[in-house]
Amino acid sequence: MKVLEMKGLTKKFGDFIAVDNVTLTVAEGEIFGFLGPNGAGKSTSIHMISGLLRSTFGQINILGKDIVKHRKFAKMNIGIVPQDLAIYEDLTVYENVKFFAGLYGLRGSRLKEQVAEALEFVGLSDKHNSYPINFSGGMKRRLNIACAIAHRPKLLIMDEPTVGIDPQTRNYILDSIKKLNKMGSTIIYTSHYMEEVEEICTRIAIVDHGKVIVEGTKEQLQAVVTDKKDIWIEVKSNKNIRAQEIEKIKGVESIQIDERVIKIHSDMDINNLNQIIQYFLSNEIEIRSVEEKSSNLENVFLTLTGRNLRD
Amino acid sequence: MNIVSIAIKEMKTSFRNPTTLFFALGLPVILILALGTIFLDSFKSTITIGDMKVLYMEQPNTPFSKEFQMFMNEASNSKVFFEKAENPEDSKKKVEQNSYDGYVELNKHGIYFYQNDNKTIGGNVIQGMLNTFVDQSNLANSAKVDQLVLMTMDMKDDYIKETTIYSNKQPRAIDYFSVSMTTMMILFGTANAIHLISEERKRNTADRLIVAPITKLEIFLGKIFGSVFINTFYFLVVIVISKYIFNANWGANLGVVIFVLITEVFLATSLGVIIGSITKSAKVANSVIQVVAIVTTIFSGTFYKMEDISGVFYLNPLNWVNEAILDLIYANDFSTATLAIVLNIVVSLLFLLVTITLLHRREGL
Ligand SMILES: Nc1ncnc2c1ncn2[C@@H]1O[C@H](COP(=O)(O)OP(=O)(O)OP(=O)(O)O)[C@@H](O)[C@H]1O
Ligand SMILES: [Mg+2]
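Residues numbered from 1 in each chain as written. Chains lettered and ligands numbered in written order. Predicted model: local features only at pLDDT ≥ 70, side-chain atom pairs only at ≥ 80, totals over all residues. Heavy atoms only, no water.

Q: Give a description of helix 3 (residues 65-77) of chain B that names residues and reports values.
A: Residues and elements named next belong to chain B. Between its first and last C-alpha, helix 3 extends 19 Å over 13 residues, near the 18 Å set by a 1.5 Å rise per residue. Residues of helix 3 that are buried include every one of Glu67, Phe68, Phe71, Met72 and Ala75, and no others. Across the axial projection of helix 3, the buried residues extend over an arc of 140 degrees, all falling on one side. Exposed residues pointing more than 90 degrees away from the buried face of helix 3 are listed as Lys66, Met70, Asn73, Glu74 and Asn77. Phi turns positive one or two residues past the end of helix 3, at Lys79, with a value near 65 degrees. (Helix = DSSP H or I, 4+ residues; strand = E, 2+ residues; numbered from the N terminus. Expected span 1.5 Å × (residues − 1). Buried < 20%, exposed > 50% of the residue type's maximum accessible area, 1.4 Å probe, protein only. Arc of directions from axis to C-beta.)

Q: Quick rundown of the coordination of the magnesium ion (ligand 2)? Include the residues and the values.
A: Residues and elements named next belong to chain A. Listed as protein donors to the magnesium ion (ligand 2) are Ser43 (OG) and Gln83 (OE1); their distances from the metal cover 1.9 to 2.1 Å. One end of the pair, Ser43, is in helix 1 (residues 42-50); the other, Gln83, is in the loop between strand 6 (78-81) and helix 3 (93-102), and 40 residues separate them in sequence. Given a relative accessible area of 27%, Gln83 falls into the partly exposed group. (Donors = N, O, S within 2.8 Å, 3.2 Å for Na, K, Ca; no water.)

Q: Would you mind going over the site of ligand 1 in detail, with residue names and values included?
A: Residue and element names in this part refer to chain A. Taken together, 14 residues surround ligand 1, and among them Asn38, Gly39, Ser43, Thr44 and Glu160 come closest. At a separation of 2.8 Å, an oxygen atom of ligand 1 approaches a polar backbone atom of Gly39. Between Thr44 and ligand 1, the recorded distance is 2.5 Å, taken from a side-chain N or O atom to an oxygen atom. Alone, ligand 1 offers 640 Å² of accessible surface; in the complex the protein occludes 62% of this. (Near = heavy atom within 4 Å. Polar contact = N/O pair within 3.5 Å; in protein donor to acceptor, adjacent residues only side chain to side chain. Areas by Shrake-Rupley, 256 points an atom, 1.4 Å probe, with all protein chains shown as cover.)

Q: Outline the layout of surface pockets, supporting the account with residue identities and numerical values.
A: Residues and elements named next belong to chain B. Size it by volume and the second largest pocket reaches roughly 940 Å³. Together, 36 residues line the second largest pocket, and Thr20, Ala191, Asn192, Ala193 and His195 are the ones closest to its centre. Elements with a minimum of two residues in the lining of the second largest pocket: helix 1 (2-15), helix 2 (18-38), helix 6 (173-188), helix 7 (190-193), helix 8 (195-202), helix 10 (216-244) and helix 12 (282-298). Looking at the lining of the second largest pocket, the element that brings in the most residues is helix 2, giving 7 residues. Here the residues of the lining of the second largest pocket sort into 16 nonpolar, 12 polar and 8 charged. (1 Å grid on protein atoms, 1.4 Å probe; cavity = no way out; pocket = protein on both sides within 12 Å on 5 of 7 lines; lining within 4 Å. Points joined across faces, edges and corners; volume = space filled by probe spheres on them. Nonpolar A, V, L, I, M, F, W, Y, C, P; charged D, E, K, R; others polar.)

Q: Can you lay out the sheet that holds strand 4 (residues 57-62) of chain A for me, pointing to particular residues and giving the numbers?
A: Residues and elements named next belong to chain A. If you trace the 4 strands from one edge of the open sheet to the other, you get 2-1-4-5, paired in antiparallel fashion. Sheet topology places strand 2 (16-27) and strand 5 (65-66) at the edges, where each strand pairs with a single neighbour. In terms of strand pairing, strand 4 meets strand 5 through 2 bridges, oriented antiparallel. Across the sheet, the residue bridging to Asn61 is Asp66, located in strand 5. Docked against the sheet, helix 1 engages strand 1 (2-13), strand 2 and strand 4, running at close to 115 degrees with respect to strand 1. (Pairing = 2+ DSSP bridges. Contact = heavy atoms within 4.5 Å. Axes fitted to C-alpha atoms, helices over the stretch in contact; angles between N-to-C directions.)

Q: Now, about unusual backbone geometry: what can you tell me, with residues and values included?
A: Residues and elements named next belong to chain A. If you check the backbone angles, Glu160 has positive phi at about 45 degrees while not being a glycine. Along the polypeptide, Glu160 turns up in the loop between strand 7 (155-159) and helix 6 (167-182). The phi angle at Glu284 is positive, at roughly 55 degrees, despite the residue not being glycine. Summarising the element assignment, Glu284 is placed in the loop between helix 10 (273-282) and strand 14 (287-294). For Glu284, a relative accessible area of 73% puts it in the exposed group.

Q: Explain the interface of chain B and chain A to me, using residue names and the numbers behind them.
A: Contacts between the two partners involve 25 residues from chain B and, on the opposite side, 32 residues from chain A. Of the roughly 2500 Å² buried between chain B and chain A, counting both surfaces, carbon and sulfur atoms make up 56%. Per-residue buried area on chain B facing chain A is highest for Arg208, Val211 and Pro213 of chain B; these three make up 31% of the total on that side. Between chain B and chain A we count 3 salt bridges in total. (Buried area = accessible area lost by both parts, 1.4 Å probe. Salt bridge = Lys/Arg side-chain N within 4 Å of Asp/Glu carboxyl O.)

Q: An account of the packing of aromatic side chains is needed here, citing residue identities and associated values.
A: This model, assessed by the stated rule, comprises 18 aromatic pairs over all chains. Their ring planes at 80 degrees and their centres at 5.9 Å tell us that Phe68 of chain B and Phe82 of chain B sit as a pair that is edge-to-face. You can see Phe68 of chain B sitting in helix 3 and its partner Phe82 of chain B sitting in strand 2 (residues 80-84), a full 14 residues away along the chain. For Phe68 of chain B, a relative accessible area of 1% gives the class buried. Given the relative accessible area of 15%, Phe82 of chain B is considered buried. Each member of the aromatic cluster is reached from another via a ring pair, and the members are Tyr56, Phe64, Phe68, Phe71, Phe82 and Phe133 of chain B. Sitting over the ring of Tyr100 of chain B, Lys53 of chain B keeps its end group 5.0 Å from the ring centre. Above the face of the Phe100 of chain A ring, Arg208 of chain B is positioned so that its terminal group lies 5.3 Å from the ring centre. (Phe/Tyr/Trp six-rings, centres within 6.5 Å; stacked < 30°, edge-to-face > 60°. Lys NZ or Arg CZ within 6 Å of the ring centre and 35° of its normal.)

Q: Residue-level account of the pairing of strand 4 of chain A, with values.
A: All names here are of chain A. In this sheet, strand 4 lies alongside strand 1 in antiparallel orientation, the contact comprising 5 bridges. From the neighbouring strand, Lys7 faces strand 4, where its bridge partner is Gln59. As consecutive antiparallel partners, strand 4 and strand 5 are separated by 2 residues, and within that stretch Leu63 has a phi angle of approximately 50 degrees, a positive value.

Q: Got a sec to walk through the pattern of salt bridges? Specific residues and values, please.
A: Per the counting criterion, the structure on display carries 24 salt bridges over all chains. Between Lys9 of chain B and Glu10 of chain B there is a salt bridge, with its nearest N and O atoms 3.5 Å apart. Taken individually, Lys9 of chain B and Glu10 of chain B each receive the classification buried, so the pair is uniform in this respect. Shared partners join several salt bridges into a network, and the residues in it are Asp90 of chain A together with Glu199, Lys202 and Arg203 of chain B.

Q: For helix 4 (residues 88-96) of chain B, give the residues involved together with the corresponding values.
A: Residue and element names in this part refer to chain B. Turning to helix 4, its buried residues are Ser91, Lys92 and Val95. Relative to the axis of helix 4, the buried residues are bounded by an arc of 100 degrees and lie together on one face. Facing away from the buried side of helix 4 by more than 90 degrees, the exposed set consists of Glu89 and Lys93. Next to the buried residues of helix 4 lie strand 1 (52-58), strand 3 (102-107) and strand 4 (110-115). Where helix 4 begins, the side chain of Asn87 points an oxygen toward the backbone nitrogen of Glu89, at a separation of 3.0 Å. Just past helix 4, the residue Asn98 takes up positive phi, approximately 70 degrees.

Q: Residue-level account of the confidence of the model for chain A, with values.
A: Taken over all residues, the pLDDT of chain A has a mean of 89, while the share at 70 or more is 97%. Of all helices and strands in chain A, the one with the weakest mean pLDDT is helix 11 (residues 297-305) of chain A (73), whereas helix 3 of chain A scores best (96). (pLDDT = per-residue confidence, 0-100.)

Q: Give a description of the domain arrangement of chain A that names residues and reports values.
A: Domain boundaries assigned for chain A yield domain 1 (2-222) and domain 2 (227-294). Between the C-alpha centres of domain 1 of chain A and domain 2 of chain A there is a distance of 38 Å. (Domains from an automatic or database assignment.)

Q: Any chance you could break down a nonpolar patch on the surface for me, citing the residues and the numbers?
A: A surface patch of nonpolar side chains, amounting to about 540 Å² of accessible area, comprises Val291, Ile294, Val295, Ile298, Phe299 and Phe313 of chain B. One can find Ile298 of chain B in helix 12. (Patch = residues over 30% accessible without salt bridge, like charges linked within 9 Å, V, L, I, M, F, W, Y side chains within 5 Å.)

Q: Go over the packing of helix 10 of chain B against helix 14 (residues 335-361) of chain B with me, naming the residues and quoting the values.
A: All names here are of chain B. The interhelical angle for the contact between helix 10 and helix 14, taken along N-to-C directions, is 140 degrees, at an axis separation of 11 Å. Handedness of the helix 10/helix 14 crossing: right-handed. Where helix 10 abuts helix 14, its residues Lys216, Leu217, Phe220 and Ile224 lie against Leu352, Thr355, Ile356, Leu359 and His360. Looking at the contact of helix 10 with helix 14 residue by residue, the classes come out as 6 nonpolar, 2 polar and 1 charged. (Left-handed = near helix turned anticlockwise from the far one by under 90°.)

Printed below as a string of structure tokens:
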């Protein structure tokens, strides 16, 4: 069953086209990844699905029904985790979730039960009566999620739910998403972290400048760039590395220096590993480890747009 | 039901905000006590004025004639001199022309006191003295009538303005400021109301409210009701404290007084939301409300007693509400209260309608 259909969805802000003729379908049970750099139009699309923004052109169906004609039905079946924290700091954790869940028509013992369950789910059960004002970023993010799931939506849309949090909380959240999915929720997951999307999503759309540039399963997307490889070299210090020098080596297309990991994007068919290692050795840069990786989504994006996902 | 949930949430968040609590409860109570104490003396009628002349006429069988003679003798010590009148019509004319401060008619039912339309200070003093006389006579039962009544008459259309002996007790400082601080505090609630909607936007919770299966109107009404309820609660607390701890006089028509105040809360809330919705930023909204607050307060009898509110001053909501409440307490007069209630409700509904229209047009909250 199609949980969500977008047909020719377009949003203009004046002359600027933020979302450009997007057509996508999300089926029941999927964790659908919406991957794209800043300003790609991810949030704008989500705002149109959730009814926060009116589309300029196009149609959106939720569970087969047009959201304009069946506004209430659509809203009842959607849960939104907004990109920016949306919680009341002067209501307790419990009151926050209860208030929002209550707007979906839940009452009495069912309301209490589902609120408790949502809090349990995000690991805030022992914080019922705390005020979120003193919470860490990670705890606020978890509360932000709880507020969106207590009414048990069929479609849960998460707009970069892991922004600005520690790796531990991030893993916790990713695990929870998988668990929610197993329990029957269809999920749309927005991010510009390709590792996250690779880890949890069953299907992915990569968007840029408001357009879907490619869509498919992880494997399908990777197939787009089978002729490329990644060489990750961990060094003791990246002090003496000059990227331009390495780029001169035959086959090397781009270089990204991530702290002490040098990520070299290269042509698959040219065997240049020896030359690359030679560069490090001759410049007396101590190598800790070398890894050759097959192409990832980062590269898919790079190949298709000529830019990095994150600048 | 959604409206109720939103209203309750609104009340909770307001109640948990120490700043709001201070301005709504702490400040008015402190000001009532402070101003009530500071102005204690200036509110006693010790204004020295020149000699006052009163005409009086006595019907043949007035039972308390002797007592009134004594009263008039005593009054001369306070420079109030009574003169026997020739005929009523002539006397009233003289009062109207301000050659006399008042005209008193005595008969077996009580005392009729005619004073000039533009209530003069002299008229007020005499009225006060007559009041005391009536009170004491009734207390000692010396008037030889069941209940001696003082009636103050308006010259122009001769209708009875104040009819009971309870009327015309002048407010003490504490009484006056209990009223004026309460009405001021309520109007200042506007400052909170401008953020009713923008606060949700600031916290991004506006988005959550909009994506929930409720209408914008429900959100809006919930917030308005919540604000009106919680501010009503605040002023009720101030009334209780001023009435039972400071012994301020809130009069015999407290129910009507409270109703007038509720409509003022309604007015303050809708004034706030309309300012909030037509201004571009919270900063602009704040400046607007500050100007409004300062102007309304300065040109009102909030910090001093205005003797006569008329003309443009009546366009100030603080004045029309204060006047309504003082008339309810001290004159048993419902006409200004009715006018205030109608004004408050009509203006509020107008503001709300404009705000709802604006809100409806915009995407999001
Ligand atoms: N209300 C608006 N008015 C004008 N332009 C807007 C508005 N909202 C978004 N945009 C523009 O539309 C584009 C898409 O924005 P959007 O927030 O959808 O991107 P995004 O993919 O969610 O990015 P991010 O990863 O930064 O959240 C951006 O260029 C943004 O500046
Ligand atoms: Mg976004």
